Amino acid sequence: MLLFFLLGLLVHVVFFASIFDIYLTSPLVHGMTPHWTPLPPPAKRLVLFVADGLRADTLFKLDEDGNPRAPFIRNVMMHEGSWGVSHTRVPTESRPGHVALIAGFYEDVSAVAKGWKENPVEFDSLFNESKYTWSWGSPDILPMFAKGASGDHVYTHSYAAEREDFGAQDARKLDTWVFDHVKEFFRAAPANQPLFSKINEEKIVFFLHLLGIDTNGHAHRPSSREYKDNIKTVDDGVKEMVSVFQQFYGNDGKTAFIFTSDHGMTDWGSHGAGHPSETLTPLVAWGAGIKHPQKVSTQEYDDAFLKEWKLENWKRLDVNQADIAPLMASLIGVPFPLNSVGTLPVAYLNHTDLFKAESMFTNAVQILEQFKVKMAQKKEVTLSFLFTPFKSLSDSKQYNILRKARSYIKREKYEKVVSLCKELIHLSLKGLSYYHTYDRVFLGINVVIGFVGWTSYASLLIIKSHSNLTRSTRKEAQKPSRLLPCSFVAIGILVAFFLLLQACPWTYYVYCLLPVPIWYAVLREFQVVQDLAASLSAFPRSRLAGSLVAFTVAIEVLVLSFFYRRVLTAGLVAFAIWPFFTPLWTRAKVTSLSWTAFSLLLAVFPLMPVVGRQSDLSLVMSAGLLILLLSLVVVTFLIKRKESVFREEILVHILQVLSTVLAMLVVSGTHSSLLRKQGLPLANQMVSWAILASSLLVPLLSPTNLFQRLFSIFLSLMPTYLLLSTGYEALFPLVLSCLMFVWIHLEQETLQQSGISCKQKLTTIEFSYNTDIAQFRQLYLDDLRRAFFLVFFLVTAFFGTGNIASINSFDLTSVYCFLTVFSPFLMGALMMWKILIPFVLVMCAFEAVQLTTQLSSKSLFLIVLVISDIMALHFFFLVKDSGSWLDIGTSISHYVIVMSMTIFLVFLNGLAQLLTTKKLRWLGSPKSHLI
């Protein structure tokens, strides 16, 4: 059985990894040559301001008094330059946004594995193509463009990472640091002749990365005074910087300015997904080569922003975020970044029509060359008779479009050139996408075949080893034929040879060859399939059909809950009324009523807003008080029953109660300190980490009695959960744990009702009794319900307080008791542990259920595995690569979540067994000193 679980883990890791090869591969190609406009550019230098985390609506909308929050930027929009909304893509994080702005392509998602800090692949950028670039700002952003640059012409000036403190007194200092250092840079330049010579060259870039707004947004939310005051600070700083540049260069009119943002931010202070507040960012451009404001009477936009922002009469020019890179390259006359997929927004340019046409032509040739390289690479590794070219952009069509464009330029029909080049860019991008996804169907079919095979094999193993469906008709094992293994060996050799001919990556061999042994194992159990069919033929068809329909509906409910959290509420309401339709109501009224009450109480949570949108410290304190009250009641109950309560057990309870009290004090103290902008107190931080470190050790000191050990696990994990909570979610594991306790009692009642002897009472069951009790009984249909309950509770634990398929549900304020200095991996690990705590509570309850129902955990676990795999197969088919970026990202994350859940079930099962069965002894403590 151990071999099966190891094999299952390997198979699921492969299926999980397949999504990255099928949907999340790098879009970059290499081998292109640089292209630039042959005409003199309008600007000698470019100044790029990126206000990290700035929302378009917050910048453009007037304040409560009808005044602009950024007077200087507003004045530029109305009197000096052009403006619009820059539309970002998912993920709306800092690194992907800056890569789109500066390199012109949408980030390779594999970069998330390195925390968006390092370059997983080499890419070209505007900074690399410039003669010199000077940058100031965050140490998380600047180095990646310097490391990706050839030679030594990109200079970075960063503050210490410790300055990125969400609990700091004033995050605006991050921006004033940049402004101060830029002023000092130009003040010292005349005395440094080599530097002075460089900054008077052409084709140079100055990059000012302003992180204060993003930091204040995370710490205080975008509606806060701090966030809005920071916008005013940035506006004043930009105004001062413009004056510094103009004075230094003697108002030569050769400086172009771009002001934008990498991403926006939700109302609850997060970003990373596709909410409009994140994907709509401001773009304001002015200076050399930029068109002046245009007064218009009407504008064609579906949204109501223009009226809301009081900008109906100033022409709005929207762009995609990647379009800004070719715009900046055109302004200073450097080659377009090689991997840029942006389309030059010619409406922003204030230059000759010839320059616009030539720039657009260069843009089209640059993207077309990427298409050619991508096509050549795919053609090289595909057998000629299997290769299907992208028909919409054949070689002849490419030639005709380029020839026509050149002809129109000679005949001065510049508008037609722009239109023709946009068509070529559109086709080239479609072609790039076509070749980028060329193997997607082939790989998908192989993964699905493997998926179906594995699920079939797991189902057959359940029927063969853990049920009596085949026992009555099982025949004597026949000597296996050699034809079957030889056939599958031949198939494997043919598949490997086919992949070898096409020079496929090694991962393709894994995806294509894995189904071969899986289906061999399935077909070896063909006798089981025959026996099962014979057994089912004896069942009444109506009952069989009803069971099949019920199972299908149950699976679909689980799938729908990923899209609509309210489905969980409907499911919990159905759970609540379930006992009234069974004999349970007459046998165990108190247990049934408790089940109903806690099911209805838990059903409230999926109706609540996603965690992070509203903080309420009073609810966290209330949860802590309820835990203390519950602890007091339980200890009193144990003493009254005259249980074997040892001195060390009382010490464990005291330690756990003390942890809860300390957690409440730390949450309250940290919240007050941050409100006073005094940062995170060191004592609070140390206590928080100590509570976290002890949360998995303290339960091991408690007795292995079922009730006491479960309560000890709950009481040890809750202080950590309180430290990571910001509002109503602190009550969620409390209600969930109460329901899990009632579930254990309820399942014991259903077992007795089924006529299966249950000799032990709950108060006498020990978790240390951990032998495999599969020999006691086989699986029954009621065990399918138990497995479904487990999966449903796991999904409820996952989505009960938020849709964590979206990174929007992550609220950085939840980790402020542990750290406030930005650290993506550590913060992510803490938030992941917060998500896993309800999982651990459910899995520990599951351990108790399988123990009390006299059923092997292996058999129930196999059923859960099959249910999870069927769900995962659903989501594999539901993965999208078209439509809105929110839909695409959500569909992929759903599959990743279900596959992660399947993999983590193995880990969580082991962790639950460790927490419930292992016992640590106090050093030097006697074993049986009664109180």
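Computed from a predicted model, the values in this text were never measured in an experiment.

*Asks:* I'd like to hear about the overall build of the protein, residue by residue, with values.
*Replies:* Of the regular secondary structure elements, the protein holds 34 helices and 8 strands. Scored against the burial criterion, the 931 residues of the protein give a buried share of 56%. When contacts within the protein are restricted to residue pairs at least 6 apart in sequence, those whose partners lie at least 24 apart make up 80%. As displayed, the protein offers around 39,400 Å² of accessible surface, 62% of which is attributable to carbon and sulfur atoms.

*Asks:* Describe the sheet that holds strand β5 (residues 204-210), listing the residues and the values that go with them.
*Replies:* The strand order across the open sheet built from 8 strands is β4-β3-β5-β1-β6-β7-β2-β8, with neighbouring strands paired in mixed fashion. Each edge of the open sheet is held by one strand with a lone partner, namely β4 (154-158) and β8 (319-320). Alignment of strand β2 (residues 82-87) against β8, held across 2 bridges, turns out to be parallel. Residue pairing in the sheet places S86 in a bridge with V319 of β8.

*Asks:* How would you explain the environment of F185 if you had to name every residue and give the values?
*Replies:* On the secondary structure map, F185 appears in helix α7 (residues 173-188). Taking the relative accessible area as the measure of exposure, F185 reaches 10% and is therefore buried. Residues F185 and L195, spaced 10 residues apart in sequence, show a C-alpha to C-alpha distance of 9.7 Å. The contacts of F185, once residues within four sequence positions are left out, are W134, W136, L195, I199 and F206.

*Asks:* How would you summarise the pairing of β5 if you had to cite specific residues and measurements?
*Replies:* Within β5, 7 of the 7 residues are buried, which leaves it mostly tucked inside the rest of the structure. Residues I204, F206, L208 and L210 line one face of β5 and the alternating positions V205, F207 and H209 line the opposite face, and both faces are buried. Bridge analysis of strand β1 (residues 45-51) against β5 gives 7 bridges, and the strand direction is parallel. Paired with V50 across the bridge in β5 is H209. With 5 bridges connecting them, strand β3 (residues 132-137) and β5 associate as parallel partners. From the neighbouring strand, W136 faces β5, where its bridge partner is L208.

*Asks:* Go over the packing of helix α22 (residues 541-561) against helix α31 (residues 781-799) with me, naming the residues and quoting the values.
*Replies:* A pair of packed helices is characterised by two quantities: the angle between their axes and the separation of those axes. For the pair α22 and α31, the least separation of the axes is 10 Å and the interaxial angle reads 10 degrees. By the angle class used here, α22 and α31 are roughly parallel. Facing α22, whose interface residues are R543, A554, V557, L558 and S561, α31 presents L781, F788, V791, F792 and V795. Across the contact of α22 with α31, the residue classes tally to 8 nonpolar, 1 polar and 1 charged.

*Asks:* Can you tell me about the packing of aromatic side chains, naming the residues and giving the values?
*Replies:* The tally for this structure, following the rule as stated, stands at 64 aromatic pairs. The interplanar angle of 45 degrees and the centroid separation of 5.4 Å between the aromatic rings of F127 and F207 together place this pair among those described as tilted. You can see F127 sitting in helix α5 (residues 126-129) and its partner F207 sitting in strand β5, a full 80 residues away along the chain. The same class applies to F127 as to F207, namely buried. Across from the ring centre of Y301, 4.0 Å away, lies the NZ or CZ of R316, which sits over that ring.

*Asks:* Could you give me a rundown of the environment of T801, with the residues and numbers involved?
*Replies:* Relative to the assigned elements, T801 resides in the loop between α31 and α32 (824-852). For T801, a relative accessible area of 12% gives the class buried.

*Asks:* Could you give an account of a nonpolar patch on the surface, with specific residues and numbers?
*Replies:* Taken together, L655, L658, V661, L662 and L665 make up a surface patch of nonpolar side chains, about 390 Å² in accessible area. Note on placement: L655 falls in helix α27 (residues 647-675).

*Asks:* I'd love a proper account of the environment of P609, names of residues and values included.
*Replies:* Along the chain, the position of P609 falls in the loop between α25 (589-602) and α26 (617-640). Under the relative-accessibility criterion, P609 is labelled partly exposed at 39%. Separated by 192 residues in the primary sequence, P609 and T801 place their C-alpha atoms 7.8 Å from one another.

*Asks:* Provide a residue-level description of helix α10 (residues 225-248), including the pertinent values.
*Replies:* Between the first and last C-alpha of α10 there are 34 Å, a value that for 24 residues agrees with the 34 Å anticipated at 1.5 Å per step. The first or second residue beyond α10 is G250, which carries a positive phi of 65 degrees.

*Asks:* Tell me about the nonpolar core, and please be specific about residues and values.
*Replies:* Of all hydrophobic cores here, the largest spans 150 residues; its most connected members are F15, W595, F793, M871 and Y895. At 18 residues, the largest contribution of residues to this core is made by α32. Residues within four places of Y895 in sequence aside, it is in contact with F15, F16, S18, I19, F451, A872, F875, F876 and V879. Of all hydrophobic cores here, the second largest spans 68 residues; its members include F123, I324, A329 and L349.

*Asks:* How would you explain the pairing of β3 if you had to name every residue and give the values?
*Replies:* With 6 of its 6 residues buried, β3 lies for the most part within the structure. Side-chain alternation along β3 places Y132, W134 and W136 on one buried face and T133, S135 and G137 on a second face that is also buried. Looking at chain direction, β3 and β4 are connected through 5 bridges and run parallel. Residue pairing in the sheet places W134 in a bridge with Y155 of β4.

*Asks:* Tell me about the packing of helix α29 (residues 706-723) against α32, residues and numbers included.
*Replies:* Interhelical geometry of α29 versus α32 gives an angle of 175 degrees and a closest axis separation of 10 Å. Compared by their axis directions, α29 and α32 come out roughly antiparallel. Counted together, L706, L710, I713, F714, L717, T720 and Y721 of α29 and W833, K834, I837, P838, V840, L841, C844, A845, A848 and T852 of α32 form the full contact between these two elements. Grouping the constituent residues of the contact of α29 with α32 by class yields 14 nonpolar, 2 polar and 1 charged.

*Asks:* Go over the side chain of E749, please, and point to the residues and values.
*Replies:* Looking at where E749 falls in the secondary structure, it is placed in helix α30 (residues 732-753). In this structure, E749 is buried with no salt-bridge partner, the nearest side chain bearing the opposite charge being R587 at 4.1 Å. In this view, E749 contacts L584, R587 and A588; residues no more than four positions away in its chain are not counted.

*Asks:* Explain unusual backbone geometry to me, and be specific about the residues and the numbers.
*Replies:* In this structure, K203 is a non-glycine residue whose phi angle is positive, near 60 degrees. By the element assignment, K203 lies in the loop between α8 (193-198) and β5. Residue K203 is classed as partly exposed on the basis of its relative accessible area, which comes to 29%.

*Asks:* Would you mind going over the side chain of S261 in detail, with residue names and values included?
*Replies:* Relative to the helices and strands, S261 resides in the loop between β6 (255-260) and α11 (276-279). With relative accessibility at 0%, the residue S261 sits in the buried group. Of note is the side chain of S261, whose polar atom sits 3.1 Å from the backbone nitrogen of L54. Excluding anything up to four places from it in sequence, S261 contacts V50, A51, D52, G53, L54, L101, T281, P282 and Q321.

*Asks:* Give a description of helix α4 (residues 94-103) that names residues and reports values.
*Replies:* Of all 10 residues that make up α4, 10 are buried, and the element is covered over most of its length. Listed in full, the buried residues belonging to α4 are S94, R95, P96, G97, H98, V99, A100, L101, I102 and A103. Here the buried face of α4 lies against β1, α5, α6 (142-147), β5, β6 and α13 (324-332). Looking one or two residues past α4, G104 carries a phi angle of roughly 80 degrees, positive in sign.

*Asks:* Could you give an account of the pattern of salt bridges, with specific residues and numbers?
*Replies:* Here the structure, examined in full by the defined rule, presents 22 salt bridges. Residue E64 pairs with K228 through a salt bridge whose shortest N-O separation is 3.9 Å. Of the two residues, E64 is situated in the loop between α2 (56-60) and α3 (71-79) and K228 in helix α10; the sequence distance between them amounts to 164 residues. Note that D318 is salt-bridged to R316, the shortest N-O span being 2.8 Å. A network of salt bridges, in which partner residues are shared, links E747, D783, R785 and R786.

*Asks:* How would you sum up the confidence of the model for the protein? Please name residues and give values.
*Replies:* Here the protein shows a mean pLDDT of 85. Residues at 70 or above account for 89%. Every residue in residues 472-477 scores below 50 in pLDDT, and together they form 7 contacts with partners more than four places removed in sequence or on other chains. Taken together, the stretch residues 925-931 has pLDDT below 50 and engages in 13 contacts with residues farther than four places along the chain or on a different chain.

Rules and cut-offs
- Residues numbered from 1 in each chain as written.
- Predicted model: local features only at pLDDT ≥ 70, side-chain atom pairs only at ≥ 80, totals over all residues.
- Heavy atoms only, no water.
- Helix = DSSP H or I, 4+ residues; strand = E, 2+ residues; numbered from the N terminus.
- Buried < 20%, exposed > 50% of the residue type's maximum accessible area, 1.4 Å probe, protein only.
- Contact = heavy atoms within 4.5 Å.
- Areas by Shrake-Rupley, 256 points an atom, 1.4 Å probe, with all protein chains shown as cover.
- Pairing = 2+ DSSP bridges.
- Axes fitted to C-alpha atoms, helices over the stretch in contact; angles between N-to-C directions.
- Parallel < 35°, antiparallel > 145°, perpendicular 65-115°, else oblique.
- Nonpolar A, V, L, I, M, F, W, Y, C, P; charged D, E, K, R; others polar.
- Phe/Tyr/Trp six-rings, centres within 6.5 Å; stacked < 30°, edge-to-face > 60°.
- Lys NZ or Arg CZ within 6 Å of the ring centre and 35° of its normal.
- Patch = residues over 30% accessible without salt bridge, like charges linked within 9 Å, V, L, I, M, F, W, Y side chains within 5 Å.
- Salt bridge = Lys/Arg side-chain N within 4 Å of Asp/Glu carboxyl O.
- Expected span 1.5 Å × (residues − 1).
- Core = buried A, V, L, I, M, F, W, Y, C linked by side-chain atoms within 4.5 Å.
- Lys, Arg positive; Asp, Glu negative; His and termini not counted.
- Polar contact = N/O pair within 3.5 Å; in protein donor to acceptor, adjacent residues only side chain to side chain.
- pLDDT = per-residue confidence, 0-100.

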